[in-house]
Amino acid sequence: MKIANNFRRVCVFLCGLVCFTTASFADDGYDLWLKYTPITNTAKLHQYRQFLKYIVTGARTSTTNIAINELENALQAMLGVKIKSVGSVKKDGALVIGTPASSSIIKNLNYGTRLDSLGAEGYILAAEKINGKRTLALAANSDIGLLYGVFNLLRLIQTGADITNINITSKPKIQFRLLNHWDNLNGSVERGYAGKSLWNWNDLPGKLDPRYTDYARANASLGINGTVINNVNATPRILTAEYIEKVAALAKVFRPYGIKMFLSINFSSPLKPASGPNQRGGVGNLETSDPLDPQVRQWWKEKAHELYAAIPDFGGFLVKANSEGQPGPNDYGRTQVDGANMLAEALAPYNGIVMWRSFVYDAEVDPDRAKRAYLEFQPKDGLFMENVFVQSKNGPIDFQPREPVSPLFGAMPKTPLMLELQITQEYLGHSKHLVYLAPMWKEYLEFDTFANGKGSTLAGIVDGSVQHQHMTGIAGVTNIGNDRNWCGHLFAQANWYAFGRLAWDHSLPADQIADEWIPMTLSKDDQVIAAIKAMMLGSWEACINYMTPLGLHHIMQEGFHYGPQPDFANSREDWTSVYYHKADSIGIGYDRSSTGSAFTAQYLPPVRDLFDNIDTCPEKYLLWFHHTPWDHQMSSGRTLWHEMCFRYYAGVDYVYKMQRDWQSLEKRIDPEIFAHVQKKLQVQAQDAAIWRDTCINYFQKFSKRPVTEFK
Ligand code: GCW
């Protein structure tokens, strides 16, 4: 990124010479939210210069070197002055950075219990008087904590915060904050819409793309502390000696940024090539991968040993088993618990963890797909080893534009559940649609499960406060690829950003996260910020409206999951669209109430009763839980059919409004970014209208009621 910055500076200079203009430079989006543009507010500039005249550090390590370099570069870019590192506090304006162990100045501040309670990753950032001099102190228990503190300080400066009397204590609410890549070893990315995989497997381990460092740096700036670099539909090859060496090279790049390496594994790995049930091929020498077979267990133990020899701080395994054709313990008549515990046993000596996914939907378990994961997993509560997470998607189906929260959360008090969110917009317009996902994640996180009485939010389940879990975790299926701007759509960067920020602190409001991201990425002009924030905040609801309003779901194009295909038919019933919407002459929606599939019974009261009754079910979930008559009265006074029409039109109109609002910012946004987003919005507008028209025309065949165009 430094190179990109320098390159840009040259471009700015040349552009200034040629055009005699102070207009902004062309921005290709590579620098994400770490642009460090000059502070133009003179009062703030003065304040920051007063407080940040020089840096005082203790003993240096690779991580503190990163932190100090980041500070020096960023402060020079933003404040226009060179900030030096010196040994002691002699005059006003020192930024003192250290742990009690590395810095005697920090130690003498006697933060004591305040620091103790921050764990390994938290930090204190406070205005202090040291030797009678005005000082800013950044203290942590570890170098990684210092790095996080540095990034926070730089965020505060980028967003124009007043730091005069600053006194911040911050620590992550969730322990494991991971990205999940669905990257294949051939360079493709499952559900990836930003180019190819970042990992150049052919060049590893010898050649390290500088982009790996930029990736680690961007994640560290958010507090993300681990990454699963390969697809859950995993090839056994990732566990060969050849690939372990490549993975170790990446792990080495990530390590000083506090990012731990994790891998998705294939359950058939111990098999010899093309053997066992269904002629599955592994990379071992065994005839079976039965988790209760002693040879198989030994194979995994040896593999763990080999992995930890190469990557001493390796994090653990993510596993998709007996799901969508992936192998698993069921192939041998064993349970998911048998499979998870075998791996957990192999990793336990090294403090590694297993993230065992609950994304299973075997049709034999129940006709209603929404019920299946709960039915398979909930009875297993308490049977998993201590170092096993059950990793569950936020909803019971599959990352739909909106889902009720999966009833598994709260129903497995003896098992740590890792929440899996999807940052990549598989069902929300890929990298073509501007959809800001923070409001969606907030809706999920704030959902009250009532698992331990009122206030048992999903966030509280995930952070362990409700059911007192000994380990906690959250994962985001990433939207990163090798596109120059990382995420395909410039605004998709906001989703990466928001995921990281919420993983650190799920109590942050969605609008506050936008308030951080916009000035760091697009503009520091208050009016521009307000306009863009308004666009972002309504964009998720709009997307729901033009795709799947009122609790509709899974009516996307088969496989592709982009456009609408409400008439999709298939021999596998739970893959058809009709299975999900159940439109007929009477009405539309899946009856999951006690008169139907009784999925509602998986929730705890009062949620169960709220969802079960069509009169109390929130309208946003209506068609998820109830087959609802076309003339059902909605709270708006409209009938269901008219409300559907209204929503489909409102959703598309919102996109038109975003187009107009963006257009009005033309002169105030970097021209390259402006044109990029303008083009994306055009596509979104066209495709949103296709969604609306296809769905309304299709559903009208059942409703047989006139279409009202709400304009
Ligand atoms: O949503 C579905 C996707 C698959 C994905 C699967 C999963 C990685 O369509 O592409 O596979 O979920 O989460 O395992």
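A brief structural summary. These numbers were taken from a predicted model, which means no experiment stands behind them. (Residues numbered from 1 in each chain as written. Predicted model: local features only at pLDDT ≥ 70, side-chain atom pairs only at ≥ 80, totals over all residues. Heavy atoms only, no water.)

1. Focus: the overall build of the chain
Here comes step 1: The helix and strand tally for the chain stands at 21 helices and 16 strands.
Here comes step 2: The C-alpha atoms of the chain give a radius of gyration of 26 Å, which matches the 27 Å a tight globule of 711 residues would have.
Here comes step 3: Based on the C-alpha atoms only, the size of the chain along its principal axes is roughly 80 × 65 × 50 Å.
Here comes step 4: The proportion of buried residues among the 711 residues of the chain is 61%.
Here comes step 5: Summarising the internal contacts of the chain: among those between residues at least 6 apart in sequence, 72% fall at separations of at least 24.
Here comes step 6: As presented, the chain carries roughly 26000 Å² of accessible surface, and 53% of it is formed by carbon and sulfur atoms. (Helix = DSSP H or I, 4+ residues; strand = E, 2+ residues; numbered from the N terminus. Rg over C-alpha atoms; globule rule 2.2 N^0.38 Å. Buried < 20%, exposed > 50% of the residue type's maximum accessible area, 1.4 Å probe, protein only. Contact = heavy atoms within 4.5 Å. Areas by Shrake-Rupley, 256 points an atom, 1.4 Å probe, with all protein chains shown as cover.)

2. A word on the sheet that holds strand β11 (residues 353-357)
Here comes step 1: The sheet built from 8 strands closes into a barrel, its strands ordered β7-β8-β9-β10-β11-β12-β13-β14 with parallel pairing. With strand direction ignored, the average angle separating the axes of adjacent strands in the sheet is 25°.
Here comes step 2: Note that β11 and strand β12 (residues 388-393) share 4 bridges and pair parallel. Paired with W356 across the bridge in β12 is V390.
Here comes step 3: Docked against the sheet, helix α8 (residues 241-254) engages β8 (226-228) and β9 (260-265), running at close to 145° with respect to β9. (Pairing = 2+ DSSP bridges. Axes fitted to C-alpha atoms, helices over the stretch in contact; angles between N-to-C directions.)

3. Describing the site of the ligand
Here comes step 1: Every one of the 15 residues lining the ligand counts as a neighbour, but E190, K320, K393, D398 and E426 are closest to it.
Here comes step 2: Between the ligand and the protein, one listed contact pairs an oxygen atom with a side-chain N or O atom of N233 at 3.3 Å.
Here comes step 3: K320 is positioned such that a nitrogen or oxygen atom in its side chain is 2.6 Å from an oxygen atom of the ligand.
Here comes step 4: Grouping the amino acids of the shell around the ligand by side-chain chemistry returns 4 nonpolar, 3 polar and 8 charged. (Near = heavy atom within 4 Å. Polar contact = N/O pair within 3.5 Å; in protein donor to acceptor, adjacent residues only side chain to side chain. Nonpolar A, V, L, I, M, F, W, Y, C, P; charged D, E, K, R; others polar.)

4. Some thoughts on the side chain of H632
Here comes step 1: Note that H632 resides in the loop between β16 (628-629) and α20 (640-663).
Here comes step 2: The exposure class assigned to H632 is buried, which follows from its relative accessible area of 17%.
Here comes step 3: Ignoring anything within four residues of it in the chain, the contact list for H632 reads I614, L622, R638, T639 and L640.

5. Focus on the pattern of salt bridges
Note on pairing: side chains with opposite charge can pair once their charged atoms come close.
Here comes step 1: Taken as a whole and assessed by the stated rule, the structure comprises 34 salt bridges.
Here comes step 2: Among the ionic pairs, D203 bridges to K207, the shortest N-O distance being 3.8 Å.
Here comes step 3: Put simply, R402, E443, E541 and K620 are held in one network by salt bridges that share partners. (Salt bridge = Lys/Arg side-chain N within 4 Å of Asp/Glu carboxyl O.)

6. What about the packing of helix α12 (residues 438-445) against helix α14 (residues 492-504)?
Here comes step 1: Here α12 crosses α14 at 30°, and the two axes come no closer than 10 Å. With respect to each other, α12 and α14 are oriented roughly parallel. Residue-level contacts link A438, W441, K442 and L445 of α12 to N495, A498, F499 and L502 of α14. (Parallel < 35°, antiparallel > 145°, perpendicular 65-115°, else oblique.)

7. Observations concerning the packing of helix α9 (residues 294-310) against helix α10 (residues 336-347)
For any two helices packed against each other, one specifies the crossing angle of their axes together with the interaxial distance.
Here comes step 1: Closest axis-to-axis distance for the α9/α10 pair is 8 Å, and the angle between their directions is 40°. Comparing the axis directions of α9 and α10 gives the class oblique. Between α9 and α10 lies a crossing of right-handed hand. Residues V296, R297, W300, K301, A304 and Y308 of α9 touch α10, and the partners they reach there are M342, L343, E345, A346 and L347.
Here comes step 2: Residues belonging to the contact of α9 with α10 are distributed by class as follows: 8 nonpolar, no polar and 3 charged. (Left-handed = near helix turned anticlockwise from the far one by under 90°.)

8. Some points on the sheet that holds strand β6 (residues 167-170)
Here comes step 1: Reading across the sheet, the 6 strands line up as β2-β1-β3-β5-β4-β6 and stay open at both edges, with mixed pairing between neighbours. Looking at strand neighbours, the two that pair on one side only are β2 (84-86) and β6, the edges of this open sheet. Strand-to-strand twist in this sheet, taken as the mean axis angle between neighbours without regard to direction, amounts to 25°.
Here comes step 2: With 8 bridges joining them, strand β4 (residues 123-130) and strand β5 (residues 133-140) adopt antiparallel strand pairing. Within β5, the position partnered with L125 by the bridge is L138.

9. With respect to the nonpolar core
One broad trend across soluble globular proteins is that nonpolar side chains are buried collectively.
Here comes step 1: Of all hydrophobic cores here, the largest spans 220 residues; its most connected members are L52, F254, W496, W662 and F699.
Here comes step 2: Top element by residues in this core is helix α21 (residues 671-703). It accounts for 12 residues.
Here comes step 3: Counting 15 residues, the second largest nonpolar core, distinct from the first, contains Y54, V89, L115 and A137. (Core = buried A, V, L, I, M, F, W, Y, C linked by side-chain atoms within 4.5 Å.)

10. What about the environment of Y111?
Here comes step 1: In this structure, Y111 sits in the loop between α4 (104-108) and α5 (112-116).
Here comes step 2: Spatially, the C-alpha atoms of Y111 and F450 are 38 Å apart, while their sequence positions differ by 339 residues.
Here comes step 3: Filtering out sequence-adjacent residues up to four positions away, Y111 remains in contact with I124, A126, E128, A137 and A139.

11. Focus: the packing of aromatic side chains
Here comes step 1: Tallying each qualifying case throughout the model produces 41 aromatic pairs.
Here comes step 2: Ring centres 5.3 Å apart and planes at 65° place the aromatic pair W33 and Y497 in the edge-to-face group. Within this pair, whereas W33 is found in the loop between α1 (2-19) and α2 (42-51), its partner Y497 is found in helix α14, the two being separated by 464 residues in sequence. As far as burial versus exposure is concerned, W33 and Y497 are alike and both buried.
Here comes step 3: Taken together, W299, W300, Y308, F314, F317 and Y350 form an aromatic cluster joined through their ring pairs.
Here comes step 4: Over the face of the ring belonging to Y562 we find K432, whose NZ or CZ atom lies 4.8 Å from the ring centre. (Phe/Tyr/Trp six-rings, centres within 6.5 Å; stacked < 30°, edge-to-face > 60°. Lys NZ or Arg CZ within 6 Å of the ring centre and 35° of its normal.)

12. As for the environment of K414
Here comes step 1: On the secondary structure map, K414 appears in the loop between β12 and β13 (417-422).
Here comes step 2: Separated by 31 residues in the primary sequence, K414 and L383 have C-alpha atoms spaced 8.4 Å apart.
Here comes step 3: Those residues within four positions of K414 in sequence are excluded, and the remaining contacts are D381, G382 and Q469.

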